[in-house]
Amino acid sequence: MKKWFPLLVVLLLLLASGCQSVQPASAEAPPEIASLHREVQLLNLINGLELMPDQMRFIIEKAQETQELREELQAGADTEEMAGVLEQFKATLMAGENIPADLAEQWHAVEGRLHAAKDDYEAELVRIAGEVEEVLGEHQLYALEQYVPCVVPPKGELRVGQAQDTGGGEAVLKRLWAIPDDQFKRHEEKIARRVLERIREHLHGAALILDEEAELERIEGLMEEAYEAVRPAVEPTAVIARHLLDPAIIPLLEEKLALVEK
C-alpha cells in the first residue's frame, strides 16, 4: 500500500465538503419516494450545468427520442415466447430431467434476438448522447465529468464529490483527482494547513509537531504524489446517456424552460 494512502483517507474524509453521500434508492422504497429522489438528483445536475433555453429544448427533444427508442425495444421484445421457454425450463428441471437440445436452441435464439436489439439500442443511445455533447460548452462538459448524483449539492469552490463516502480508497482518491489542476495548485497550501489542523484535532494533542513548516511541506508532498497518480478519465457521453437522456428529465426541463420563458 502506498505510504500516503492513510493520510489521504484522513485528509479527504475530514476536509471534503458539500454533497452528502447518497446511496441508491432502496428497491423497497415507495415508487413516489424513488421518483422524487431521482428528480432532485437531476435538478442538481440541471442547475449545475446552467443550461441555456436552446440547450434545454434540444435535450428535451433528444430525451424524447431516446424514450421512443426504449419503448420500441420493450415492445419488440418477445416476452411471451421468452416466458414460455422459461416455463418449459422450469418444468423440465423440476422433474429432474435434462434440458432438451431443441428447447436450449429456442432459448438461445430468443436471447440472441434480445441481445441484438439491445446492441442496436445502445448504439443509437451513444449517437444521441454524442449529439447532446456537441451542443454543450467546455465548462458544462467539465461539470458533467465531475457530476456525482446527490440530494444535497456541493458547496464551495472545490467540488470534490461526496463528502461522507467511506466506501474505500478508490472513492477517496477520486475526490482528490476531481480537483482541477489550477485549483489544486492554488489551494494546495491552504488544504495542507487545514489537514494539519484536523490532524491535531483528531489526535487531541497526542502528537507533538516541532517544525510546523516542515510538516506542511511533507503533507503537500504526499498530496502531490497522490494527485499526480494516473487519473481515470470520465467519458461525458456516458454521463449524458445515463442522466441527460433519462426520461425523468423531460418534465423537469419543460418546467424549467417554462419558468425561464415567462
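I will try to describe carefully the structure that is included in this document. As a convention, each chain's residues are numbered from 1 in the sequence order in which they are written. Local features are withheld for residues below a pLDDT of 70 in this predicted model, meaning they are given only at 70 or higher, and side-chain atom pairs are given and counted only at 80 or more; totals for whole chains, interfaces and linings count all residues. Side-chain numbers come from the whole structure's heavy atoms, not from hydrogens or water.

**What to know about the overall build of the protein chain**
The way it works is that DSSP assigns letters per residue, a run of H or I at least four long becomes a helix, a run of E at least two long becomes a strand, and they are numbered from the N terminus. Within the protein chain, the secondary structure is distributed over 11 helices and zero strands. The linear arrangement of helices and strands in the protein chain, starting from the amino end, is α-α-α-α-α-α-α-α-α-α-α. Working definition: with a 1.4 Å probe on protein chains only, accessible area under 20% of the residue-type maximum means buried, over 50% means exposed, and in between means partly exposed. Counting all 262 residues of the protein chain, 34% fall into the buried class. Should any heavy atoms of two residues lie within 4.5 Å, those residues are considered in contact. In the protein chain, once contacts between residues fewer than 6 apart in sequence are set aside, the share between residues at least 24 apart is 82%. Summed over its atoms, the accessible surface of the protein chain is roughly 15900 Å², and 54% of this surface lies on carbon and sulfur atoms. To measure how exposed things are, a 1.4 Å probe is used in the Shrake-Rupley method; for residues, cover is taken only from the protein chains shown.

**So, the nonpolar core**
For the purposes of this section, nonpolar cores are sets of buried Ala, Val, Leu, Ile, Met, Phe, Trp, Tyr and Cys residues that join through side-chain atoms within 4.5 Å. Within the largest apolar cluster, 29 residues are counted, with the highest numbers of intra-cluster contacts made by Leu51, Leu136, Leu144, Ile240, Leu244 and Leu253. Of all elements in the fold, only helix H2 (31-49), helix H3 (53-76), helix H5 (101-134), helix H6 (138-146), helix H10 (236-244) and helix H11 (249-260) reach the threshold of two or more residues within this core. Residues contacting Leu136, with those up to four places away along its chain left out, are Leu51, Gln55, Leu141, Leu144, Ile240 and Leu244. In this structure, Val195, Ile199, Leu216 and Met223 belong to the second largest nonpolar core, which totals nine residues.

**Brief notes about H2**
One fewer than the residue count of a helix, multiplied by 1.5 Å, yields its expected span. The terminal C-alpha atoms of H2, which comprises 19 residues, lie 27 Å apart, in line with the 27 Å expected from a rise of 1.5 Å per residue. For H2, every residue scored as buried is listed here: His37, Arg38, Gln41, Leu42, Asn44, Leu45, Ile46 and Leu49. At the exit of H2 stands Glu50, carrying a positive phi of roughly 50°.

**Describing the pattern of salt bridges**
Throughout this description, the term salt bridge denotes a Lys or Arg side-chain nitrogen within 4 Å of a carboxyl oxygen of Asp or Glu. On inspection of all chains with the given rule, the structure shows 10 salt bridges. Among the salt bridges present, the one from Arg57 reaches Glu261, with a minimum N-O distance of 2.3 Å. Remark: Glu261 occurs in the segment after H11 and Arg57 occurs in helix H3; sequence separation between them is 204 residues. Take Arg57: its relative accessible area is 36%, and that puts it in the partly exposed class. For Glu65, the salt bridge identified is with Lys62, shortest N-O distance 3.2 Å. Of the two residues, Glu65 and Lys62 are both situated in helix H3; the distance of three residues between them amounts to about one turn of the helix. In this structure Glu65 comes out as partly exposed when scored by relative accessible area, which is 22%. Overlapping salt bridges, with partners in common, bring together Lys62, Glu65, Glu124, Arg127 and Glu131 in one network.

**Let's talk about a nonpolar patch on the surface**
Patch membership requires more than 30% relative accessible area and the absence of a salt bridge. Residues of like charge join within 9 Å; the nonpolar side chains Val, Leu, Ile, Met, Phe, Trp and Tyr join within 5 Å. Taken together, the side chains of Val40, Val151 and Val152 make up a nonpolar region of the molecular surface, amounting to roughly 180 Å² of accessible area. Within the fold, Val151 resides in the loop between H6 and helix H7 (169-177). Val151 gets classed as partly exposed once you look at its relative accessible area, which sits at 33%.

**A few points about the packing of H2 against H10**
Fitted lines through C-alpha atoms give the axes, limited to the stretch in contact for helices. The angle between two N-to-C directions lies from 0 to 180 degrees. The geometry of H2 relative to H10 is characterised by a closest axis approach of 11 Å and an angle of 130° between their N-to-C directions. Considering their axes alone, H2 and H10 lie oblique with respect to each other. Across the interface between the two elements, Arg38, Leu42, Leu45 and Leu49 of H2 pack against Arg242, His243 and Leu244 of H10. Residues are grouped as follows: Ala, Val, Leu, Ile, Met, Phe, Trp, Tyr, Cys and Pro are nonpolar; Asp, Glu, Lys and Arg are charged; every other residue, Gly included, is polar. For the contact of H2 with H10, the class distribution of residues is four nonpolar, one polar and two charged. Angle categories are assigned with fixed cut-offs, so that under 35 degrees is roughly parallel, over 145 is roughly antiparallel, 65 to 115 is roughly perpendicular, and the rest are oblique.

**Considering H10**
With seven of its nine residues buried, H10 lies for the most part within the structure. The set of residues buried in H10 consists of Pro236, Thr237, Val239, Ile240, Ala241, His243 and Leu244.

**Description of the packing of H2 against H11**
Running from N to C, H2 and H11 cross one another at 50°; their axes reach a closest spacing of 10 Å. Taken as axis vectors, H2 and H11 run oblique relative to one another. For the crossing formed where H2 meets H11, the hand is right-handed. Each of Glu39, Leu42, Leu43, Ile46 and Asn47 in H2 lies in contact with H11, whose residues at this interface are Ile249, Leu252, Leu253 and Lys256. Residues belonging to the contact of H2 with H11 are distributed by class as follows: six nonpolar, one polar and two charged. Helix crossings get a hand from a simple test, with the near helix turned counterclockwise from the far one by less than a right angle marking a left-handed crossing and a clockwise turn marking a right-handed one.

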